[in-house]
Amino acid sequence: MNQRIFNVRHLIVSLIPLVFIGLCGRTIGLCGGTLQADRPNILLIMVDDLRDYGGAFTSEVVKTPNLDRLRAHGTTFERAYVQYPVCNPSRSSMMVGLRAEQTGITGNDTRLRQKMPEIITMPQLCKDAGWQTHAFGKLFHLGGGKNDKQKALWMDAGRSWHTAQAFEATQLGRRIIEGRNVTDGALNWCQWGAADGTDDDQPDGQIAAATVAMIEKPGDAPWFIGCGFMKPHDPFIAPKKYFDLYPPKSLEIWRDPADIAPVRREAVGFGALGEAFAKFTEQEWRELFRAYCAGTSFMDAQLGRVLDALDRYKLWGKTLVIFVGDHG
Ligand SMILES: [Ca+2]
């Protein structure tokens, strides 16, 4: 099996979202069956900047045993194409069922409600119909910086969700055992790090724990839980054990075909980004890709904790599970 390194241009401009719907035993619509429950729970798992590396959802290159396990439960959509190549437009579009041209959201700086204050979102529709709706991590784009009020607005807390919670790495989780910024600081986000601490010292570990705790909470109403993992998005930081899955020289560098068509300058990855990328050595491509793989395997392990909870409480027959990458 070939393991290949894709350069950052591929990583950023990829337009392939990963979509998966898992329903054990029976499926809705797609396979002509129905869910066992009239009002099923809904688990929407969104993953930030996940892309497909060569196989159906990375498995030929990146170690994703839990994603493979989820795929075995239901239907995989291998030809789903993204509406927009950055977080906020893509996520806003998915949440309301309108294209970015219709929402008017084409960047990461304007909230959906600023353009469409009265729009009904997918979780809001369920909330108004009696579902308990809760968001953990990044479902809508997480703007607002350190301002809690702004952050709550970006998460659409209270309107789409009864509760919405974002998470931060702990002090231990911020301690980098090994890593660096491969642009010498020119691009802040181009940083990788094998972190100290456990999974729960990182936001994604906390997001998995909070999702599981909500699944475990007793209650009669159906629930809609948004579980929004932050990785493998940059900065490429994950607990060290996930870097150890990929020995430094185990990945091959991707080479563009000699006859590749020229890419338009408007494409993401050119301009200031392109200038920085052009200086990358083979070693730097290798480091970044390894970190991306580590982040994906870290996210996958957190996904496994959530799937374990569905197993433990025998919820597959009454839960619609949707797994989606926001844009690649
Ligand atoms: Ca994203």
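Residues numbered from 1 in each chain as written. Predicted model: local features only at pLDDT ≥ 70, side-chain atom pairs only at ≥ 80, totals over all residues.

Comments concerning the overall build of the protein
Looking only at helices and strands, the protein has 11 helices and 12 strands in total. Classification of the 328 residues of the protein by burial places 42% in the buried group. Put simply, of all contacts in the protein between residues at least 6 apart along the chain, 75% involve residues at least 24 apart. (Helix = DSSP H or I, 4+ residues; strand = E, 2+ residues; numbered from the N terminus. Buried ≥ 20, exposed ≤ 12 C-beta atoms within 10 Å, placed from the backbone. Contact = placed C-beta atoms within 7 Å.)

As for the sheet that holds strand β10 (residues 236-239)
Spatial strand order, β7-β8-β10: three strands in an open sheet with mixed pairing. Edge positions in the sheet fall to β7 (176-181) and β10, since each of these pairs with one other strand and no more. The average angle at which neighbouring strand axes cross in this sheet is 5°, direction not considered. Sheet topology places strand β8 (residues 191-195) next to β10; four bridges connect them, and they run parallel. Opposite glycine 193, over in β10, you have isoleucine 237 as the bridge partner. Together, β8 and β10 form the strand contacts of helix α11 (residues 282-312), whose direction differs from that of β10 by roughly 50°. (Pairing = 2+ DSSP bridges. Axes fitted to C-alpha atoms, helices over the stretch in contact; angles between N-to-C directions.)

Observations regarding the packing of helix α8 (residues 203-216) against α11
Taken N-terminus to C-terminus, the directions of α8 and α11 make an angle of 10°; their axes are 9 Å apart at the nearest point. One way to sum up the angle between α8 and α11 is to call them roughly parallel. Here Asp204, Gly205, Ile207, Ala208, Thr211, Val212, Ile215 and Glu216 of α8 come into contact with α11, specifically with Phe298, Met299, Gln302, Arg305, Val306 and Ala309. Grouping the amino acids of the contact of α8 with α11 by side-chain chemistry returns eight nonpolar, three polar and three charged. (Parallel < 35°, antiparallel > 145°, perpendicular 65-115°, else oblique. Nonpolar A, V, L, I, M, F, W, Y, C, P; charged D, E, K, R; others polar.)

As for α11
Compared with an ideal rise of 1.5 Å per residue, which puts 31 residues at 45 Å, α11 spans 45 Å between its outermost C-alpha atoms and is within 8% of the ideal. At the exit of α11 stands lysine 314, carrying a positive phi of roughly 50°. (Expected span 1.5 Å × (residues − 1).)

Side note on the confidence of the model for the protein
Scored by pLDDT, the protein comes out at a mean of 86, with 85% of its residues at no less than 70. Ignoring residues within four places in sequence, the model shows residues 1-17, a span with pLDDT below 50, making 56 contacts including any to other chains. (pLDDT = per-residue confidence, 0-100.)

Some words on unusual backbone geometry
With an omega dihedral of 15°, the bond running from lysine 231 to proline 232 counts as a cis peptide bond. Tracing the backbone through its elements, the reader meets proline 232 in strand β9 (residues 223-232). Despite not being glycine, aspartate 184 shows a phi value in the positive range, around 55°. Turning to its location among the elements, aspartate 184 is positioned in the loop between β7 and β8. A count of 10 C-beta atoms within 10 Å places aspartate 184 in the exposed class. Of note in this structure, lysine 314 is not a glycine but carries a positive phi near 50°. The residue lysine 314 is located in the loop between α11 and β12 (319-325) in this model. By the C-beta count within 10 Å, which is 10 here, lysine 314 ends up exposed.

Some thoughts on the nonpolar core
One finds Ile45, Cys227 and Ala294 to be the most contacted residues of the largest nonpolar core, which totals 67 residues. The residues contacting alanine 294, other than those within four sequence positions of it, are Ala238, Tyr242, Phe243, Leu245 and Tyr246. (Core = buried A, V, L, I, M, F, W, Y, C linked by C-beta atoms within 7 Å.)

Notes on helix α3 (residues 87-96)
Most of α3 is tucked away: 10 of the 10 residues are buried. Taken together, the buried positions of α3 are occupied by Cys87, Asn88, Pro89, Ser90, Arg91, Ser92, Ser93, Met94, Met95 and Val96. Buried-residue contacts for α3 involve β3 (41-48), α4 (100-103), α5 (112-115) and α6 (122-128). Positive phi appears at glycine 97, one or two residues downstream of α3, with a value of about 70°.

Considering the environment of phenylalanine 167
Mapped onto the secondary structure, phenylalanine 167 falls in the loop between β6 (163-165) and β7. Overall, the presence of 19 C-beta atoms within 10 Å leaves phenylalanine 167 in the partly exposed class. In this structure phenylalanine 167 touches Gly137, Pro203, Gln206 and Ile207, once residues within four positions along its chain are discounted.

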